Amino acid sequence: MKENYKEILYDNHKLETNRLVLRKASKKDALDMLEYASDVETTKYLDWTGAKTIDEIIKGIIDFHWSNPGVWVIELKETQKCIGTIDIRLKPEHEKAEFGFVLNRNYWNSGYMTEVLSVILKLCFMELDLNRVESFHYVGNEGSGKVMQKCGMKFEGISEQGVKIKGIFRDVVRYGITKDYWCSFAKKK
Ligand SMILES: CC(C)(COP(=O)(O)OP(=O)(O)OC[C@H]1O[C@@H](n2cnc3c(N)ncnc32)[C@H](O)[C@@H]1OP(=O)(O)O)[C@@H](O)C(=O)NCCC(=O)NCCS
């Protein structure tokens, strides 16, 4: 893993895919962000409770988006609308990262998050030189696992009733990918 990982993340505060731009949040995104943050269907399987007001969103932009280097909002190039967020949390001692993502429900199942995660994995392995990236989803939220699979991540098991989220015990489905495996997966694409 590169020692100057903070600098690398800063240098990559803007990334691009075919249809999307990943960039730092601005207060101008607040209304767009409220659209997905206030939708209970969207936040159902998230540890995050979402937000109901613009003030909560602005607080989230300052405390989360601006205070952590590995957080990007997802902007649709065509309309410049902010339709989601992805973040990575580095664990330098293990040379790995975990990620989380959320997308406005009006844009689900169009391949957007697969496009986003692909570019984030490339950043993790090619620029940050991490050894491993991992994440999880809860049973019931299979679309999330599908995105991980489409990006080459491997299913690693289920922790039954591994967490209690919003009062419900959730089975945790774990996924991971090593740099070695990602390199061979990316070569085949
Ligand atoms: C999970 C999420 C980010 C996926 O984003 P997305 O842009 O819709 O993902 P993609 O379109 O790239 O891929 C979704 C895939 O899941 C599949 N899928 C959707 N619902 C599914 C389900 N219930 N079971 C199985 N597959 C499902 C889609 O068919 C698609 O696969 P395909 O391309 O082979 O058809 C989005 O649904 C979301 O924001 N959900 C709410 C927040 C959340 O749960 N975040 C993840 C927390 S772990």
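Refer to the structure above for everything that follows.
Quantities reported herein were computed from a predicted structural model and do not represent experimental measurements.

Visitor: Please explain the layout of surface pockets as it appears in this structure.
Guide: Using a probe with the size of a water molecule, rolled over the atoms, empty space left in the structure can be pinpointed. As a volume, the largest pocket reaches approximately 1200 Å³. Together, 46 residues line the largest pocket, and Leu46, Gly100, Phe101, Val102 and Leu103 are the ones closest to its centre. Residue classes in the lining of the largest pocket are distributed as 21 nonpolar, 16 polar and nine charged. In this structure, the second largest pocket occupies an estimated 190 Å³ of space. For the lining of the second largest pocket, the secondary structure elements donating two or more residues are α5 (112-127) and α7 (179-188). The element best represented in the lining of the second largest pocket is α5, accounting for five residues.

Visitor: Any chance you could explain the pairing of strand β6 (residues 132-138) here in plain terms?
Guide: A regular strand places its side chains on the two faces of the sheet in alternate fashion. Burial within β6 is extensive, with six of its seven residues counted as buried. Pairing geometry for strand β5 (residues 96-103) and β6, over three bridges, is parallel. Bridge pairing in β6 places Ala97 opposite Val133. Here seven bridges tie β6 to strand β8 (residues 168-178), and the two strands are oriented antiparallel to one another. Its bridge partner being in β8, His137 is matched across the sheet by Val173.

Calculation rules
- Residues numbered from 1 in each chain as written.
- Predicted model: local features only at pLDDT ≥ 70, side-chain atom pairs only at ≥ 80, totals over all residues.
- Heavy atoms only, no water.
- 1 Å grid on protein atoms, 1.4 Å probe; cavity = no way out; pocket = protein on both sides within 12 Å on 5 of 7 lines; lining within 4 Å.
- Points joined across faces, edges and corners; volume = space filled by probe spheres on them.
- Nonpolar A, V, L, I, M, F, W, Y, C, P; charged D, E, K, R; others polar.
- Helix = DSSP H or I, 4+ residues; strand = E, 2+ residues; numbered from the N terminus.
- Buried < 20%, exposed > 50% of the residue type's maximum accessible area, 1.4 Å probe, protein only.
- Pairing = 2+ DSSP bridges.

Purely spatial values, then, with no claim about function.
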